Amino acid sequence: MTREEIFENRREVGKKLCEQIRKNDGQMINAKNFSERPYYGGTKKYKFSTANYLRLMSAESIYTDPHWYKICDIENNKWTLKNDAKFELLEEWQENSSDGQECFLTKFYNALEIEETEKYFSENKKLEDVLEFLQIRGLIERDSEVISLKDGIDAVKNYSEKFVSDELTINFAVQMWIAESKLKTKIKKFLPVYSEEILTEIEKTPDKIFESVNKAQAILKNLRREKIFQIEKLASEELFQNLKIIYHGSESELKTKDRFIYKSETIFKGVSAYEFLLALKSAEKQKIWLEFFYKDYAHGKFLISEEDFKLIAEENVTDFLKKRLNKNRQQILENPQELGKYISPNVMVRTEDLLNQINLESENFQSAMKIFEQEEFQYLQSP
């Protein structure tokens, strides 16, 4: 295809993206499936260009695997395409005999369409690691007691504004950073919204969307190269300095009694973490997902259900945590026959060893809660 033909084809892709965005409340919804930049996985591996990134973004099918192959790779490896395997036409640029370049739209097959390829598992990063990437580059305050994914998004947006002023490029930079952060969360809640003004501009000048995504990638590349600073942990004598809560989200907006709304994917530390737990007493009954860390004790993601709210209202924070976080362990220790519910049939381990481990975890938890209780008492007694 000539350059003009390929650019005309790109314009159709740009218009198609605008249609999709309008259908999805102003969001480029396919972005949530791009936790890693798609790339060619054949003989000479390379990440796809931003033009092919947009082509895949506009695809009707959903592809969660970043690996892509050409038919020659499938034939050389003696792989088998699945029945009704789909392909996407992506750009391949090659030099021609006139020392110029010409482009071909080549069929590429996703790894999901091939029988023999292994299932792809995306790496899941912790919220703290995602935000630390920005903290060590000086884009987010380092010693804040409350920090959220929204703070990270605002930081990337502000950083992008140092290089460009157009909203389309800034949206792309934010969108690509969120999607490729590898954070396991409901990303749709955080994707940027493309205004009708932006969409109308793209439809008038479709080349703009390809130019903007290219600029956005350059901005993120520059961000990764920013100077890194060492994060020093400041000494503190305040209460709950070893307490951390990660609020992942809830069924509906989580509000305090004075109507303050907590943002999903927020890390609370110190006194702010305790006050968050205290605020649950007056929150609306609903499902809430948290993580809890105190001293050397770490409790992974757990659910506070509606039935837990009665306990929250009647107990102090310490007693609530004791009953909620140690509930499963206590049930198993009191009824060892129920242990089978929590063990995969493929795992070979002695029941006695597991019970000893659970008992030790329970003792460590209760030991930590004794100190927590003392801190809670001091906090509630303070003026």
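Just above sits the structure.
Residues numbered from 1 in each chain as written. Predicted model: local features only at pLDDT ≥ 70, side-chain atom pairs only at ≥ 80, totals over all residues. Heavy atoms only, no water.

1. Some thoughts on the packing of aromatic side chains
Then, number 1: Taken as a whole and assessed by the stated rule, the structure comprises 24 aromatic pairs.
Then, number 2: Taken together, a centroid distance of 4.9 Å and an interplanar angle of 80 degrees make the contact between tyrosine 262 and phenylalanine 276 edge-to-face. Remark: phenylalanine 276 occurs in helix α9 (residues 270–279) and tyrosine 262 occurs in strand β9 (residues 261–262); sequence separation between them is 14 residues. Comparing tyrosine 262 with phenylalanine 276 shows no difference in burial state: the two are buried.
Then, number 3: Taking the centre distance of 5.2 Å and the plane angle of 85 degrees together, the rings of tyrosine 294 and phenylalanine 372 count as edge-to-face. Remark: phenylalanine 372 occurs in helix α13 (residues 351–381) and tyrosine 294 occurs in strand β11 (residues 288–294); sequence separation between them is 78 residues. Phenylalanine 372 carries the same exposure label as tyrosine 294, and that label is buried. (Phe/Tyr/Trp six-rings, centres within 6.5 Å; stacked < 30°, edge-to-face > 60°. Helix = DSSP H or I, 4+ residues; strand = E, 2+ residues; numbered from the N terminus. Buried < 20%, exposed > 50% of the residue type's maximum accessible area, 1.4 Å probe, protein only.)

2. Considerations on the packing of helix α2 (residues 50–57) against helix α8 (residues 207–224)
Then, number 1: Here α2 crosses α8 at 115 degrees, and the two axes come no closer than 9 Å. Crossing of α2 against α8: the hand is right-handed. Across the interface between the two elements, Thr50, Ala51, Tyr53 and Leu54 from α2 touch Ile209, Phe210, Val213, Asn214 and Gln217 from α8.
Then, number 2: For the contact of α2 with α8, the class distribution of residues is six nonpolar, three polar and no charged. (Axes fitted to C-alpha atoms, helices over the stretch in contact; angles between N-to-C directions. Left-handed = near helix turned anticlockwise from the far one by under 90°. Contact = heavy atoms within 4.5 Å. Nonpolar A, V, L, I, M, F, W, Y, C, P; charged D, E, K, R; others polar.)

3. Section: a positive patch on the surface
Then, number 1: Together, Lys47, Lys221, Arg224 and Arg225 make up a positively charged patch on the protein surface.
Then, number 2: Structurally, lysine 47 can be placed in strand β2 (residues 46–47). (Patch = residues over 30% accessible without salt bridge, like charges linked within 9 Å, V, L, I, M, F, W, Y side chains within 5 Å. Areas by Shrake-Rupley, 256 points an atom, 1.4 Å probe, with all protein chains shown as cover. Salt bridge = Lys/Arg side-chain N within 4 Å of Asp/Glu carboxyl O. Lys, Arg positive; Asp, Glu negative; His and termini not counted. Charge placed at Lys NZ, Arg CZ, Asp CG, Glu CD.)

4. As for empty space enclosed by the protein
Then, number 1: Using the criterion set out here, one finds three cavities of 30 Å³ or more in the structure.
Then, number 2: Class assignment for the residues of the lining of the largest cavity results in seven nonpolar, four polar and two charged.
Then, number 3: The computed volume of the second largest cavity comes to approximately 60 Å³.
Then, number 4: Lining of the second largest cavity is provided by Leu277, Leu280, Lys281, Ile312, Glu315, Asn316, Val317, Phe320 and Leu321.
Then, number 5: The biggest single contributor to the lining of the second largest cavity is helix α11 (residues 317–325), with three residues.
Then, number 6: In terms of residue class, the lining of the second largest cavity is built from six nonpolar, one polar and two charged. (1 Å grid on protein atoms, 1.4 Å probe; cavity = no way out; pocket = protein on both sides within 12 Å on 5 of 7 lines; lining within 4 Å. Points joined across faces, edges and corners; volume = space filled by probe spheres on them.)

5. Some points on the nonpolar core
Then, number 1: With 57 residues, the main nonpolar core has Leu54, Phe172, Trp177, Tyr194 and Ile209 as its most contacted residues.
Then, number 2: Of all the secondary-structure elements, those providing two or more residues to this core are α1 (3–23), α2, α4 (127–135), α5 (149–160), α6 (167–179), α7 (196–204) and α8.
Then, number 3: The residues contacting tyrosine 194, other than those within four sequence positions of it, are Ile21, Gly26, Met28, Leu168, Asn171, Phe172, Gln175 and Leu199.
Then, number 4: By size, the runner-up hydrophobic cluster in this structure holds 32 residues, among which are Leu243, Leu280, Leu321 and Phe365. (Core = buried A, V, L, I, M, F, W, Y, C linked by side-chain atoms within 4.5 Å.)

6. Notes on the sheet that holds strand β3 (residues 67–70)
Then, number 1: Taking strand neighbours across the sheet as the criterion, the five strands line up as β2-β1-β3-β5-β4 in an open arrangement whose pairing is mixed. Two strands lie at the open edges of the sheet, namely β2 and β4 (88–95), each paired on one side alone.
Then, number 2: With three bridges joining them, β3 and strand β5 (residues 101–110) adopt antiparallel strand pairing. What sits directly across from tyrosine 69, in β5, is tyrosine 109.
Then, number 3: The strands that α2 touches are β3, β4 and β5; relative to β4, the one it contacts most, it runs at about 165 degrees. (Pairing = 2+ DSSP bridges.)

7. Overview of the pattern of salt bridges
Pairing is possible between side chains that carry opposite charge, provided their charged atoms lie close to one another.
Then, number 1: Tallied over the entire structure, the rule returns 19 salt bridges.
Then, number 2: Among the salt bridges present, the one from glutamate 253 reaches lysine 255, with a minimum N-O distance of 3.8 Å.
Then, number 3: Judged by relative accessible area, glutamate 253 falls into the partly exposed class, the value being 47%.
Then, number 4: Accessibility expressed as a relative area gives 27% for lysine 255, which makes it partly exposed.
Then, number 5: Three or more residues are tied together by salt bridges with common partners; here these are Glu4, Glu8, Arg11 and Asp207.

8. Section: the sheet that holds β11
Then, number 1: Pairing is antiparallel in the open sheet, where five strands are placed in the order β6-β10-β7-β11-β12. Each end of this open sheet is capped by a strand with a single partner; those strands are β6 (146–148) and β12 (297–304). Within the sheet, the average angular offset between the axes of one strand and its neighbour, ignoring direction, is 15 degrees.
Then, number 2: Where α13 meets the sheet, its contacts fall on β7 (243–250), β11 and β12, and the angle it forms with β11 comes to roughly 90 degrees.

9. Details of α9
Residues separated by three or four positions in an α-helix point in the same direction, a consequence of the helix having 3.6 residues per turn.
Then, number 1: For α9, the buried fraction is high: eight of the ten residues fall into the buried class.
Then, number 2: Residues of α9 that are buried include every one of Gly270, Val271, Ser272, Ala273, Tyr274, Phe276, Leu277 and Ala279, and no others.

10. A word on unusual backbone geometry
Then, number 1: Phi angles above zero are rare outside glycine, and aspartate 25 is one such case at about 55 degrees.
Then, number 2: Its location among the elements puts aspartate 25 in the loop between α1 and β1 (39–40).
Then, number 3: With a relative accessible area of 66%, aspartate 25 lands in the exposed category.
Then, number 4: Here lysine 182, not a glycine, exhibits a phi torsion of approximately 65 degrees, which is positive.
Then, number 5: With respect to the secondary-structure elements, lysine 182 resides in the loop between α6 and α7.

11. Observations concerning the environment of isoleucine 187
Then, number 1: Here isoleucine 187 is to be found in the loop between α6 and α7.
Then, number 2: For the pair formed by isoleucine 187 and alanine 31, sequence separation is 156 residues and the distance between their alpha carbons is 8.8 Å.

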